[in-house]
Amino acid sequence: MIDARLLDAVGALINAHARLGHVPLIGIAGAQGSGKTTLARAAAERWGAAHLSLDDVYLTKAEREAKGRAAHPLYAVRGPLGTHDLGLLAATVEALRAAGADSRTVLPAFDKLADDRRPEAQWPPFADHPSAVLVDGWCLGATAQAEADLTAPINALERERDGEGTWRRAVNAELGGSYADLFARFDAVLFLKAPSFDAVLDWRCEQEAGLMGLSPADLPAQRRAELVVFIQAFERISRHMLTGGVRADVTFDLDEDRRPVPSPLAGEGGPSGPDEGSHDGG
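We now turn to the structure provided with this report. (Residues numbered from 1 in each chain as written. Predicted model: local features only at pLDDT ≥ 70, side-chain atom pairs only at ≥ 80, totals over all residues. Heavy atoms only, no water.)

Turning our eyes to something else, we now look at the overall build of the chain. Counting secondary structure elements, the chain contains ten helices and nine strands. In terms of C-alpha radius of gyration, the chain reaches 19 Å, essentially the compact-globule figure of 19 Å for 282 residues. Structurally, the chain occupies a C-alpha span of about 50 × 45 × 45 Å along its principal axes. Buried residues in the chain amount to 50% of all 282 residues. For the chain, restricting intrachain contacts to residue pairs at least 6 apart in sequence, the fraction spanning at least 24 positions comes to 74%. Accessible surface computed for the chain: about 13,100 Å², of which carbon and sulfur atoms make up 52%. (Helix = DSSP H or I, 4+ residues; strand = E, 2+ residues; numbered from the N terminus. Rg over C-alpha atoms; globule rule 2.2 N^0.38 Å. Buried < 20%, exposed > 50% of the residue type's maximum accessible area, 1.4 Å probe, protein only. Contact = heavy atoms within 4.5 Å. Areas by Shrake-Rupley, 256 points an atom, 1.4 Å probe, with all protein chains shown as cover.)

A few words on the pairing of strand β7 (residues 133–137). Consecutive side chains of a regular strand alternate in pointing toward one face of the sheet and then the other. For β7, the buried fraction is high: five of the five residues fall into the buried class. The two faces of β7 match: Val133, Val135 and Gly137 on one face and Leu134 and Asp136 on the other face are all buried. One ladder, built from four bridges, connects strand β2 (residues 50–53) with β7; its direction is parallel. The residue of β7 that forms the bridge with Ala50 is Val133. (Pairing = 2+ DSSP bridges.)

Tracing the backbone through its elements, the reader meets Arg117 in strand β5 (residues 116–117). A distance of 2.8 Å separates the side chain of Arg117 from the backbone oxygen of Tyr58, its partner in a polar contact. Among the polar contacts made by the side chain of Arg117, one reaches the side chain of Asp85 at a distance of 3.4 Å. (Polar contact = N/O pair within 3.5 Å; in protein donor to acceptor, adjacent residues only side chain to side chain.)

With that settled, consider the environment of Ser196. Assignment of secondary structure puts Ser196 in the loop between β8 (188–193) and α8 (197–211). For the pair Ser196 and Ser53, spaced 143 residues apart in the sequence, the C-alpha separation amounts to 23 Å. Of note is the side chain of Ser196, whose polar atom sits 3.4 Å from the backbone nitrogen of Asp198.

Further remarks concern the pairing of β8. With five of six residues buried, β8 is to be regarded as a mostly interior element. Bridging between strand β1 (residues 25–30) and β8 involves five bridges; their strand directions are parallel. For Ile28, the partnering residue across the bridge sits in β8 and is Leu190. As paired elements, β8 and strand β9 (residues 250–253) share four bridges and run parallel to each other. When the bridges of β9 are listed, Lys193 appears paired with Asp253.

Here it is, written out as structure tokens:
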């Protein structure tokens, strides 16, 4: 069950940025397994909003493979910055904002089993005019790192596959460029802050176990080891966000069970913020 404080916080952000002729664009950020997609779906249903996920606007498999050949092999793997079709996301947001009461706006969809975008004929429609557009994504609001922070690899993936730092510098350039431009268009971002990066691995393993119909304790050791490698592609920016490298209007600190923890600023437990400034409307 979604914590009511989270749903209310999303609703408050929608209301704060709603005005005549403007459909608020609200981001929900959080590391893998933090519950951002579940929250976005529940909030969209409750508040009459449309929901998009950054996971559904990956570049096609062919496009990622081409980018991997041209720039760096790690771009062929979906997930990290540089593997999303930001133009498709922006166009879909604008189509939703322009939708009328009788409109049916198709929303991009990605097939993770096939590792490719679904044919447009299979994209789900959103009917009606949304009260807001909610976008969830693991990196929303992240800021670029300083050059000095990029010098040393932080894990085995970077040491073995990006020893010269080509990939991480290219990703950082995208974070400070096209992704920063995207993030600036959000009216507000809510950040679900994990207690540590170690918790991210546990959460991702819980997700995987659930998909396999297993309890987390029964997840095969080999699969957990594979997930350790998988999340290394997200580790640098995730750790950066956990240590302040994110611009968010509201931040919820989560415990290891993904529950908001009491905040010194909120008394009974809830959000802190705003955090490092706010976003212009777009």
